[in-house]
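One-letter residues, chain by chain:
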Amino acid sequence: MFLRELTAPLDHVKGVGQARIKPLANMGIYSIAGLLCHYPRDWEDRCRVVPLRDFATEKVCTVVMVVRNDWVKTGKSRTLKVHIKDDTACAVLVCFNRPFLENQLVPGKRYRLFGSFSYRYGELQSTSFEFEEVSDDVVTDFFSILPVYPLSAGLTQNHLRTIMRNALRQYAGPLENELPDSIIESGGLLPKAAAIAAIHFPKSTEELARAKRTLIYEELFYMEIIVGRRSLERKSMSGAARKQDRETGGGMTPLQKQLVERLPFALTKGQRDALCEINRDMDDAFPMARLLQGDVGSGKTLVSFLAALKAIDYGAQAAVMAPTELLARQHADNAARLLEPLGVRVALLSGNIKSSGRNQILKSLAAGDIDIILGTHALFSKNVVYKKLSLAVIDEQHRFGVTQRQAIISKGERCDLLMMSATPIPRTLALTVFGDMDVSVIPDLPPGRKPVETHLAKESNEKKVYDFVRRELDCGRQAYFVYPLIEAEEGGEELPLTALKDAESMAARLANEVFPGIPLALVHSKIAEDRKKEIMEAFRGGVTKILVATSVVEVGVDVPNATCMVIEHAERFGLSALHQLRGRVGRGVAQSFCFLVYSDELTEDGKRRLKVMLENRDGFVIAEEDLKLRGPGQITGTEQSGYLRLGLADPVRDAAELSRARTDAFTVLEADPGLVSPKNLRISAVLRRAPPFSDAGL
Ligand code: ADP
Ligand code: MG
């Protein structure tokens, strides 16, 4: 049995009743495999026992004797005080709201204690502690290394530890190894069963380190096996006369030429080069897998439409997937504007389109009456069938998972894949996670773009910023105002001075006090899709002049007439969000401005981020600075979650392991691409029976 084959529901584990199922499900844990893969976020080392005298404000382990219990009155209730001592000192355990401890901490008995102490009112006190009675014949793991788990409401560390212990006892023993024995031996790794047991309840720090190393290596090894296999599979799809008849040598197809001729501007050199590479790939015998990188505003969308036209020219269909409804709709509008005049049939499919309309679209798609479809991930849900999908485009690809990539291309036969991103990918990732992809970069922005002028402004100087924006509005321009919150924080009334500005209240203030009479709209994620669509259309059409928003406008929104981006509480936003937000302006020929308005009390970290924004405009540089400021271990957050569902491994932090895993995996694949030789049967069994990184709920 492989770990991920433990798909039995959680109530098979001793101690898991209905009450525990829900909080576990809230953390995405539905099965025993999911439970065992819920790794600790930290470990509490209780191995070192100190005498009471050596107390510390961090938690320490001691062994004490209870001397007596007494009660003190505080307010309405009585509080239990338990007097304890060891050979070195006396102390008091103050049991707020825990009167029942009277029966559990009995004078004359000895206890193991784990808690933090401090001097208060002249005595050594602890209010936060765990304990366990010492009895000579029982060996417990109270003073051991204990896991600290991510939790959800309704679950305590102790619950989860107990559940985990039971699950390990019931299921971990017979777990099969997933790595080849030779690798386990040569790498000094642990067998799977031992590694899983030790990652949760290590016997020593050395064992913990080995368990981590084992599981990290295993994840990276399979990641590289999957990457390697994907590239082998793609390259083996040649053979059949796929596109031999359509050689254009990277040159443009008729529809592409028509579009380019109709455009009011010329393609940039970067766009031309990227298109040439894409065209060549699409003529090639095996499917394209290309990542198109280009800074915000570099015109990637247009390149993807041109790629779609090539597919359409050959009588096939193209699909363009965006991460949000807003963006999908904007792409659809653009596609309709640019492509319909060429006779291309365009449609939009999103999760929000109601059933009758949706059925009609699905029918047309299956019949081949739609040439290019744009949408959210709804494009690749189960019931969507394409007549002949030959190009899938994924915009803002870092927002999607790897398995979604797979779902998309599996909708077509030998489907070309074009992924786009403005978020530069760190080198280590580019070489590994995307090791099977080719990369095109658009290094230049369309000509005539003036770099966005960036200014920092203190919150107390906001009036100056508003006055500036008013002058731009008077010239017929438009402006964005962005806030970190949708609505006032709870308890905000009690803290009016420190409370953050929120989009809702500021929309009201800007409309009534600052810019009376100027059409203004508010948009954020809680607004219904239909309404959002109207709001964005009004802003795009220039009817609304000011758009007050949260970071929903962060990705992709394209309104060239907007020249002002005001980000309030700018220090609250991460660098990549700030860069994306600033990229919303400077999209037309007029000079644009970005105001980073910061609160009067600014942290060092916030200050550094704003400085980076002030001094840089190249997205690649900003991404590197971001990496530096956050430290490599930190990029595991949102950005990266899109790449892979890694549990313990972090491709940036674990770069050395990653490169070893890659070498090992590729050595295996080169010698035995089909993974059929006896020594590789375990690998193919894992991929078949318990595929890693699958989106299937664990
Ligand atoms: P991104 O790469 O950030 O997705 P977009 O595709 O949204 O950028 O393009 C930004 C804007 O630039 C759009 O308004 C688009 O019409 C315009 N654009 C694209 N290519 C060119 C070009 N070669 N010359 C001038 N403007 C262009
Ligand atoms: Mg874009």
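Residues numbered from 1 in each chain as written. Chains lettered and ligands numbered in written order. Predicted model: local features only at pLDDT ≥ 70, side-chain atom pairs only at ≥ 80, totals over all residues. Heavy atoms only, no water.

K.L.:
Just checking my understanding: could you explain the overall build of the protein for this structure?
P.N.:
Each helix and strand counted, the protein has 22 helices and 20 strands in total. Based on the C-alpha atoms only, the size of the protein along its principal axes is roughly 95 × 75 × 50 Å. For the protein, buried positions account for 52% of its 698 residues. A separation of at least 24 residues holds for 73% of the contacts in the protein among residues at least 6 apart in sequence. Accessible area of the protein: about 31600 Å², with a carbon and sulfur share of 53%. Between the mean site of the 92 positive side-chain charges and the mean site of the 89 negative ones, the protein shows a separation of 1 Å. (Helix = DSSP H or I, 4+ residues; strand = E, 2+ residues; numbered from the N terminus. Buried < 20%, exposed > 50% of the residue type's maximum accessible area, 1.4 Å probe, protein only. Contact = heavy atoms within 4.5 Å. Areas by Shrake-Rupley, 256 points an atom, 1.4 Å probe, with all protein chains shown as cover. Lys, Arg positive; Asp, Glu negative; His and termini not counted. Charge placed at Lys NZ, Arg CZ, Asp CG, Glu CD.)

K.L.:
Would you mind showing me how to read the site of ligand 1 here?
P.N.:
In the region of ligand 1, 17 residues are neighbours, and Gly-297, Lys-300, Thr-301, Arg-449 and Asp-558 sit closest. Between an oxygen atom of ligand 1 and a main-chain N or O atom of Gly-297, the distance comes to 2.6 Å. Within the backbone of Ser-298, an N or O atom sits 3.4 Å from an oxygen atom of ligand 1. The fraction of the free accessible surface of ligand 1 (570 Å²) that becomes covered by protein chains is 86%. Of all the elements, helix H9 (residues 300-313) adds the most residues to the shell around ligand 1, at three residues. The residue makeup of the shell around ligand 1, split by class, is six nonpolar, six polar and five charged. (Near = heavy atom within 4 Å. Polar contact = N/O pair within 3.5 Å; in protein donor to acceptor, adjacent residues only side chain to side chain. Nonpolar A, V, L, I, M, F, W, Y, C, P; charged D, E, K, R; others polar.)

K.L.:
What is the right way to read the packing of helix H5 (residues 192-200) against helix H6 (residues 205-236) from this model?
P.N.:
For any two helices packed against each other, the geometry is given by the interaxial angle and the distance between the axes. The N-to-C vectors of H5 and H6 enclose an angle of 120 degrees; their axes lie 8 Å apart at closest approach. Considering the angle they form, H5 stands oblique to H6. In this structure, H5 crosses over H6, and the sense of that crossing is left-handed. Together, Lys-192, Ala-195, Ile-196, Ala-198 and Ile-199 of H5 and Glu-207, Leu-208, Ala-211, Lys-212, Thr-214, Leu-215 and Glu-218 of H6 make up the contact between the two elements. In the contact of H5 with H6, the residues fall into seven nonpolar, one polar and four charged. (Axes fitted to C-alpha atoms, helices over the stretch in contact; angles between N-to-C directions. Parallel < 35°, antiparallel > 145°, perpendicular 65-115°, else oblique. Left-handed = near helix turned anticlockwise from the far one by under 90°.)

K.L.:
Looking at this structure, I do not really get unusual backbone geometry. What am I missing?
P.N.:
As a rule of thumb, non-glycine residues mostly have phi less than zero, and peptide bonds are mostly trans rather than cis. Here Tyr-121, not a glycine, exhibits a phi torsion of approximately 50 degrees, which is positive. Residue position: Tyr-121 is located in the loop between strand S5 (110-120) and strand S6 (123-133). The phi torsion at Arg-414 lies on the positive side, around 50 degrees, for a residue other than glycine. Of note, Arg-414 is situated in the loop between helix H12 (402-409) and strand S13 (416-421).

K.L.:
What is the right way to read the pairing of strand S8 (residues 289-294) from this model?
P.N.:
The side chains of a regular strand alternate between both faces of the sheet. Counted residue by residue, S8 has six buried out of six residues, so it is predominantly covered. Side chains Ala-289, Leu-291 and Gln-293 project from S8 onto one buried face, and the interleaved Arg-290, Leu-292 and Gly-294 project onto a second face that is buried too. Summarising the sheet, S8 and strand S14 (residues 438-442) pair through five bridges and their orientation is parallel. Directly across from Arg-290, in S14, lies its bridge partner Asp-438. (Pairing = 2+ DSSP bridges.)

K.L.:
Hey, could you run me through the packing of helix H7 (residues 254-262) against H9 in this one?
P.N.:
Two elements in contact, H7 and H9, have axes separated by 7 Å at closest approach and are oriented at 145 degrees. Touching Pro-254, Leu-255, Gln-256, Leu-259 and Val-260 of H7 are Leu-302, Leu-306, Ala-307, Leu-309, Lys-310, Ile-312 and Asp-313, all from H9. Of the residues in the contact of H7 with H9, the class split is nine nonpolar, one polar and two charged.

K.L.:
What am I meant to see in the packing of aromatic side chains here?
P.N.:
Aromatic rings in a pair are described by how distant their centres are and how their planes are angled relative to each other. Under the defined criterion, the tally for this structure stands at 13 aromatic pairs. Between the aromatic rings of Phe-129 and Phe-131, the centroid separation amounts to 6.3 Å while the plane-to-plane angle is 40 degrees, which identifies the pairing as tilted. Note on Phe-129: relative accessible area 5%, which makes it buried. Cluster of aromatic residues (ring-pair linked, three or more members): Tyr-111, Phe-129 and Phe-131. Here Arg-46 stacks its cationic end above the ring of Phe-142, 4.9 Å away from the centre of that ring. (Phe/Tyr/Trp six-rings, centres within 6.5 Å; stacked < 30°, edge-to-face > 60°. Lys NZ or Arg CZ within 6 Å of the ring centre and 35° of its normal.)

K.L.:
How should I be thinking about the state of the cysteines in this particular structure?
P.N.:
Disulfides are covalent bonds that connect the sulfur atoms of two cysteines. Overall, the coordinates contain zero disulfides when judged by the stated rule. Just so you know, Cys-475 is unpaired, no disulfide at all, and the nearest cysteine sulfur is the one on Cys-564, 9.6 Å from it. (Disulfide = S-S within 2.5 Å.)

K.L.:
Help me out: how do you make sense of the domain arrangement of the protein in this one?
P.N.:
Size of an interface, as often reported, equals the accessible area lost when the parts are brought together. Segmenting the protein into domains produces domain 1 (48-143), domain 2 (240-442) and domain 3 (453-616). Centre-to-centre separation of domain 1 and domain 3, based on C-alpha positions: 53 Å. (Domains from an automatic or database assignment.)

K.L.:
Would you take a moment to explain the sheet that holds strand S16 (residues 478-482) for this structure?
P.N.:
The strands making up a sheet associate through hydrogen bonds between their backbones, and the pairing can be parallel or antiparallel. A sheet is described by the order of its strands in space; here six strands give the open sequence S15-S20-S19-S16-S18-S17, paired in parallel fashion. At either end of the open sheet lies a strand with only one pairing partner, and these are strand S15 (453-458) and strand S17 (520-523). Sheet twist, expressed as the average angle between the axes of neighbouring strands with direction ignored, equals 15 degrees. Examined bridge by bridge, S16 and strand S19 (residues 562-568) share five bridges and lie parallel to one another. Residue pairing for S19: Phe-481 is matched across the bridge by Val-566. Taken strand by strand, helix H17 (residues 575-582) contacts S15, S16, S19 and strand S20 (593-598), and its axis lies near 155 degrees from that of S19. Relative to the sheet, helix H18 (residues 604-615) contacts S15 and S20, its axis offset from that of S15 by approximately 150 degrees.

K.L.:
Can you walk me through the pattern of salt bridges in this structure?
P.N.:
Two side chains of opposite charge can pair, provided their charged atoms sit close to one another. Under the counting rule described, the total for this entry stands at 39 salt bridges. Between Lys-109 and Glu-133 there is a salt bridge, with the nearest N and O atoms lying 3.6 Å from each other. Of this pair, Lys-109 sits in the loop between strand S4 (90-95) and S5 while Glu-133 sits in strand S6, and the two are 24 residues apart along the sequence. Overall, Lys-109 belongs to the partly exposed group, its relative accessible area being 35%. Ionic pairing is found between Lys-501 and Glu-459, a salt bridge with its closest N-O pair at 4.0 Å. (Salt bridge = Lys/Arg side-chain N within 4 Å of Asp/Glu carboxyl O.)

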